[in-house]
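Survey of secondary and tertiary structure
Spelled out from the first residue to the last, the chains are:
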Amino acid sequence: MEYPITRLRRLRYNGILRNMVSETALSVNDFIYPLFVCPGENVKNPIKSMPGNFQFSIDLLVEECKVAVSKGVKSVLLFGLPESKDEHGHVACNSNGIVQKAIVAIKAEIDDINIVADVCNCEYTTHGHCGTIVDGDVENDLTLVTLAAQAVSLAEAGADIIAPSDMMDGRVAAIREALDANGFYKLPIMSYSAKYASGFYGPFRDAADSAPTFGDRSTYQMNPANTDEALREVELDIAEGADMVMVKPALSYLDVIHRVKTEFNMPVVAYNVSGEFSMLKAAAQNGWIDGERVMMEVLTSIKRAGADIIITYHALEAADVLNR
Ligand SMILES: [Zn+2]
């Protein structure tokens, strides 16, 4: 049928009708809210490059988690700023570590919350790389040992999901094996499967104090030019036991999200990263865009591309819009 019999505008003439035929719906259940935890008490350090985000000491982190849960955002992703760092990131595996203590504190006060624990060395190494350095580069198989120990330590603290973000080959298998050997066979792994070496991580590195002191991460993170390789990464992670797979960043990689969802029919997570967040905020603060409208459009586009779950610094603001 063609015009004038078919008129696509018929289904756009009022809001109820438009909502009825809407193909994509966001929900507060889709969001994971990333948070940064630092030492001290009563600390709430604004992160300059990420307006509205803070480094929280554990006491105030717990309060922020309560706010999130009250808005319906019941999953949080924790990144730690440890008191000290070392060459190998061993401090990440300490039961007394900053994230481990934060998990215990949150769980003591909040029942209805899902804590995703990031597993990577870069926040805990003096050189800021994601693993152990040998001859000027991250040594893959040595790093697996630390990652597995960190994962077990986070599981013991009470994490609900283990999320390795390092991009070492074989880390999902190493972590799965270590978790199972320690009785944590029920704990799911959310793998950062297709994580690109991206300029969009800039503000995060301020927030988490995790910028590499030499070189960059392009020997382990992916080349932004590649998508076939992303599918190979995802396939390997699934074979190694990943329960959820992630594409990071989100916006410049919507095609990758779409391909991963279409090929594997797995729960797909997209990380709407710091640079994506901060660009939007900066434009909104300058009055160049309608920040709230563009935020909802961005989040909808990530879900429309195929993501089931979105890690986003917009989580609480978007929840306010959805709850309105
Ligand atoms: Zn890392």
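Here, the structure is the one placed above.
A brief report on the enclosed structure follows. All of these numbers come straight from a predicted model, not from anything done at the bench. (Residues numbered from 1 in each chain as written. Predicted model: local features only at pLDDT ≥ 70, side-chain atom pairs only at ≥ 80, totals over all residues. Heavy atoms only, no water.)

With that settled, the discussion passes to the side chain of Thr146. If you trace the backbone, Thr146 turns up in helix α4 (residues 140-157). Contacts of Thr146, omitting those with residues within four sequence positions, involve His88, Gly89, His90, Cys93, Asn121 and Thr132. (Helix = DSSP H or I, 4+ residues; strand = E, 2+ residues; numbered from the N terminus. Contact = heavy atoms within 4.5 Å.)

For a metal bound by four donors in a tetrahedral arrangement, the ideal donor-metal-donor angle is 109.5 degrees, while six donors in an octahedral arrangement ideally sit at 90 or 180 degrees. With distances of 2.2 to 2.3 Å, the protein atoms coordinating the zinc ion are Cys120 (SG), Cys122 (SG) and Cys130 (SG). When the donor residues of the zinc ion are listed from N- to C-terminus, their spacing reads C-x1-C-x7-C. Take Cys122 and Cys130: they sit in the same class, and that class is buried. (Donors = N, O, S within 2.8 Å, 3.2 Å for Na, K, Ca; no water. Buried < 20%, exposed > 50% of the residue type's maximum accessible area, 1.4 Å probe, protein only.)

What follows deals with the pattern of salt bridges. In this structure the tally under the stated criterion is 15 salt bridges. Its salt-bridge partner being Lys74, residue Asp112 comes within 2.6 Å of it at the nearest N-O pair. Linking Asp112 in the loop between α3 (98-109) and β5 (114-119) with Lys74 in the loop between α2 (58-70) and β4 (75-80), this pair joins segments that are 38 residues apart in sequence. (Salt bridge = Lys/Arg side-chain N within 4 Å of Asp/Glu carboxyl O.)

Within the secondary structure, Tyr13 sits in the segment before α1 (15-20). You can call Tyr13 exposed: its relative accessible area is 56%. Residues Tyr13 and Asp169 lie 156 residues apart in sequence; the distance between their C-alpha atoms is 52 Å.

So, on to the state of the cysteines. Evaluation of the coordinates by the stated rule reveals zero disulfides. Looking at Cys38, it has no disulfide partner, and the nearest cysteine sulfur is the one in Cys65, 13 Å off. (Disulfide = S-S within 2.5 Å.)

The next subject is the packing of aromatic side chains. Counted according to the given criterion, the structure contains nine aromatic pairs. Ring centres of Phe79 and Phe204 lie 4.8 Å apart, and the angle between their planes is 85 degrees; this geometry places the pair in the edge-to-face category. Taken together, the positions of Phe79 in strand β4 and Phe204 in helix α6 (residues 202-208) put the pair 125 residues apart, joining distant regions of the chain. Both residues of the pair, Phe79 and Phe204, count as buried. Taken together, the aromatic side chains of Phe36, Phe79, Tyr192, Phe204, Tyr271, Phe277 and Tyr313 make up a single cluster linked through ring pairs. One Lys or Arg, Lys248, reaches over the ring of Tyr201 and ends 4.9 Å from the middle of that ring. (Phe/Tyr/Trp six-rings, centres within 6.5 Å; stacked < 30°, edge-to-face > 60°. Lys NZ or Arg CZ within 6 Å of the ring centre and 35° of its normal.)

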